[in-house]
Amino acid sequence: MSTPRMTKPTIGVLEVLLAATDDDPAWGLKICVEADLGSGTVYPILERLSERGWVESFTETAPHPGRPPRRFYQLTGTGRLQATEALRARQRRRHMFGTAGVNA
């Protein structure tokens, strides 16, 4: 299972997925809004994460009058671990390089 490129859009999607809960799951439009990204960016990222085994999806089963059922996305157990570690590693690199040579 390879790590995807940690672009800003990928990070945004992962952050939304990491914040999602069973009581407040993530679906396509919610991910777009919370990550401030368009669907043409979000859905390819979700597809790549799914291909790597990081994300799984399922269709809403609760009643949803007046609209089509939502497609929910969640990190797999391995995906949650990998995403958390990838974001931590990126944060460590940014901190290490972001503060080097900066004088106040």
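The structure this text deals with has already been given above.
These lines cover the structure that appears in this document, whether it is placed above or below. (Residues numbered from 1 in each chain as written. Predicted model: local features only at pLDDT ≥ 70, side-chain atom pairs only at ≥ 80, totals over all residues. Heavy atoms only, no water.)

## Points about helix H2 (residues 28-35)
Part 1 of the reasoning: Of the residues making up H2, those classed as buried are Gly28, Lys30, Ile31, Cys32 and Ala35.
Part 2 of the reasoning: Contact partners of the buried residues in H2: helix H1 (8-19), strand E1 (26-27), helix H3 (39-51) and strand E3 (71-75).
Part 3 of the reasoning: Of the residues trailing H2, Asp36 is marked for its positive phi of about 55°. (Buried < 20%, exposed > 50% of the residue type's maximum accessible area, 1.4 Å probe, protein only. Helix = DSSP H or I, 4+ residues; strand = E, 2+ residues; numbered from the N terminus. Contact = heavy atoms within 4.5 Å.)

## With respect to the pairing of E3
Part 1 of the reasoning: Inspection of the sheet shows E1 paired to E3 by two bridges, in the antiparallel sense. From the neighbouring strand, Trp27 faces E3, where its bridge partner is Phe72.
Part 2 of the reasoning: Here strand E2 (residues 55-59) pairs with E3 via five bridges, running antiparallel. Paired with Ser57 across the bridge in E3 is Tyr73. (Pairing = 2+ DSSP bridges.)

## Looking at H3
Part 1 of the reasoning: Its 13 residues place the ends of H3 18 Å apart at the C-alpha level, agreeing with the 18 Å of an ideal helix rising 1.5 Å per residue.
Part 2 of the reasoning: Along H3, the residues that are buried comprise Val42, Ile45, Leu46 and Leu49. On an axial view of H3, the arc spanned by its buried residues comes to 100°, and they lie on one face. Pointing more than 90 degrees away from the buried face of H3 are the exposed residues Gly40 and Glu51.
Part 3 of the reasoning: On its buried face, H3 sits against H1, H2, E2 and E3.
Part 4 of the reasoning: At the exit of H3 stands Gly53, carrying a positive phi of roughly 80°. (Expected span 1.5 Å × (residues − 1). Arc of directions from axis to C-beta.)

## Quick word on the packing of H1 against H3
Part 1 of the reasoning: H3 packs onto H1 with a crossing angle of 75° between their chain directions and a minimal axis gap of 10 Å. Classified by the angle their axes make, H1 and H3 are roughly perpendicular. Contacts between H1 and H3 involve Pro9, Thr10, Val13, Leu14 and Leu17 from the first element and Thr41, Val42, Ile45, Leu46 and Leu49 from the second.
Part 2 of the reasoning: The residue makeup of the contact of H1 with H3, split by class, is eight nonpolar, two polar and no charged. (Axes fitted to C-alpha atoms, helices over the stretch in contact; angles between N-to-C directions. Parallel < 35°, antiparallel > 145°, perpendicular 65-115°, else oblique. Nonpolar A, V, L, I, M, F, W, Y, C, P; charged D, E, K, R; others polar.)

## Here's the deal with the pattern of salt bridges
Part 1 of the reasoning: Per the counting criterion, the structure on display carries three salt bridges.
Part 2 of the reasoning: We note a salt bridge from Asp24 to Lys30, for which the minimum N-O separation is 2.6 Å.
Part 3 of the reasoning: Look at Lys30 and you get buried, because its relative accessible area is 11%.
Part 4 of the reasoning: With its nearest N and O atoms 3.1 Å apart, the salt bridge here joins Arg92 to Glu85.
Part 5 of the reasoning: On the basis of relative accessibility, which here comes to 47%, the residue Arg92 falls in the partly exposed class. (Salt bridge = Lys/Arg side-chain N within 4 Å of Asp/Glu carboxyl O.)

Take it as geometry only, folks, not as evidence of what the structure does.
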